2 protein chains.
Amino acid sequence: MRVYLAGPDVFVPAAHARAALLKSVCARHGLQGVSPLDELDGEPAGWSSVPEARRIALRNEAHMARCAALIANLTPFRGPSADAGTVFEVGYMRGLGRPVFGWSNSAEPFTERTRAFLGIAATCGPDGAWRDGEGMLIEAFGLADNLMIDAAILGSGGALFTASVPEASRWTDLAAFERCAAAVARKLAG
Amino acid sequence: MRVYLAGPDVFVPAAHARAALLKSVCARHGLQGVSPLDELDGEPAGWSSVPEARRIALRNEAHMARCAALIANLTPFRGPSADAGTVFEVGYMRGLGRPVFGWSNSAEPFTERTRAFLGIAATCGPDGAWRDGEGMLIEAFGLADNLMIDAAILGSGGALFTASVPEASRWTDLAAFERCAAAVARKLAG
């Protein structure tokens, strides 16, 4: 079964080696991992003249449409939330009605992570709600990220796996990913 | 025509008044704005026992399914990218194959915004590519946000409107939103 591997893993220095590693974990669980970096079989000839950014996006959307499920690396990326491209893809696959799984190398809940990111700008009002320096509410549901992400994963029949790993191995530790791949394999076999 | 109003506008202190204001702009353009804060007509009785975060998500997904298009407030939120919930919803609506429009009160391109966010941690390598302190690539396509977002908007037949507004009016200025609503009305009439 084909599984799309969403995540900022495409941004690491050795991105193709990283993709191969993720795929090897998938293969151990009987899954065929599909990386955003993969060529698209039968890519329409007309796409060669499309600007690179749009061509990448079209290809990723086409990859997702051909996959039975999605695994998202939701490790926080340049802020309290996951990488925006990854979050887009979680939404896209949920829109297609297919199972979405997530994993993250941060086990800290979203609320605490957001407050840590904001530092002294985060304050608690008389109503007990935490807000940032612009008065914008901080979600407090004990979830792993914005509620749309957590709920989409659960609602789709997926699951979310987190691990608390040292800062230095945030983009290399694959223990949570391995548990996630095993769960996807069980789900798709069921 | 019903249009879903995605955005961190739900987090402002007077969120219901904000939603009413956005809807009044929509109405001027012949559109019925649907806010994530709206009750869902005919909400299944069983949802009353679902935990609040999941109920909100189910309701928002149902709202989107009943809308002809989506307008996303992509103003950067706690980092270089848009709010994660909003980005999820852009992906969801794109997955449903419907037009997605965006607006932002930052006119600074994503690449420059990301470099500013990272500060001295952003460095340019011998290959000319900019990376963050963890070696993760910084997208450099001259877009408004992660390429999946910009491309989904264009690919769906939508459009993106940006404005450069003072920091203090980031969450109140509606000039870009108004231009966006006008474009949605033209698109849905066409």
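What you see is a predicted model, and the numbers here were worked out from it, not measured in a lab.

Caption draft 1: Here's a closer look at the relation of the copies chain A and chain B. Relative to chain B, chain A is turned by 180 degrees and slid 0.0 Å along the rotation axis, the superposed coordinates differing by an RMSD of 0.0 Å. The two molecules are tied by a two-fold rotation axis, judged by turn and shift. Taken as a fraction of all interface residues of chain A, those also at the interface in chain B reach 100%, which identifies the copy contact as same-surface.

Caption draft 2: Structural context of the packing of aromatic side chains. According to the stated counting rule, one finds nine aromatic pairs over all chains in the structure shown. With a centroid separation of 6.1 Å and 80 degrees between ring planes, the pair formed by Phe77 of chain B and Trp171 of chain B is classed as edge-to-face. Within this pair, whereas Phe77 of chain B is found in the loop between β3 (69-73) and α3 (84-95), its partner Trp171 of chain B is found in the loop between β7 (160-162) and α6 (175-189), the two being separated by 94 residues in sequence. A network of ring pairs unites the aromatic residues Phe11, Phe77 and Trp171 of chain A as a single cluster. A cation over an aromatic ring shows up here: Arg115 of chain A above the ring of Trp130 of chain A, its NZ or CZ 3.6 Å from the ring centre.

Caption draft 3: Examining the side chain of His63 of chain A more closely. All names here are of chain A. Take His63: it is sitting in helix α2 (residues 52-65). Looking at His63, its side chain comes within polar contact range of the main-chain oxygen of Asp38, at 2.9 Å. The residues contacting His63, other than those within four sequence positions of it, are Tyr4, Val34, Ser35, Asp38, Glu39 and Leu40.

Caption draft 4: Quick peek at the packing of helix α5 (residues 147-155) of chain A against helix α2 (residues 52-65) of chain B. Relative orientation of the contacting elements α5 of chain A and α2 of chain B amounts to 85 degrees, with a least axis distance of 9 Å. By the angle class used here, α5 of chain A and α2 of chain B are roughly perpendicular. Residues Leu147, Met148, Ala151, Ala152, Leu154 and Gly155 of chain A of α5 of chain A pack against Ala53, Arg54, Ile56, Ala57, Asn60, Glu61 and Met64 of chain B of α2 of chain B. Broken down by class, the residue content of the contact of α5 of chain A with α2 of chain B amounts to nine nonpolar, two polar and two charged.

Quick notes on the rules
- Residues numbered from 1 in each chain as written.
- Chains lettered and ligands numbered in written order.
- Predicted model: local features only at pLDDT ≥ 70, side-chain atom pairs only at ≥ 80, totals over all residues.
- Heavy atoms only, no water.
- Least-squares fit on C-alpha atoms with pLDDT ≥ 70 in both.
- Contact = heavy atoms within 4.5 Å.
- Phe/Tyr/Trp six-rings, centres within 6.5 Å; stacked < 30°, edge-to-face > 60°.
- Helix = DSSP H or I, 4+ residues; strand = E, 2+ residues; numbered from the N terminus.
- Lys NZ or Arg CZ within 6 Å of the ring centre and 35° of its normal.
- Polar contact = N/O pair within 3.5 Å; in protein donor to acceptor, adjacent residues only side chain to side chain.
- Axes fitted to C-alpha atoms, helices over the stretch in contact; angles between N-to-C directions.
- Parallel < 35°, antiparallel > 145°, perpendicular 65-115°, else oblique.
- Nonpolar A, V, L, I, M, F, W, Y, C, P; charged D, E, K, R; others polar.

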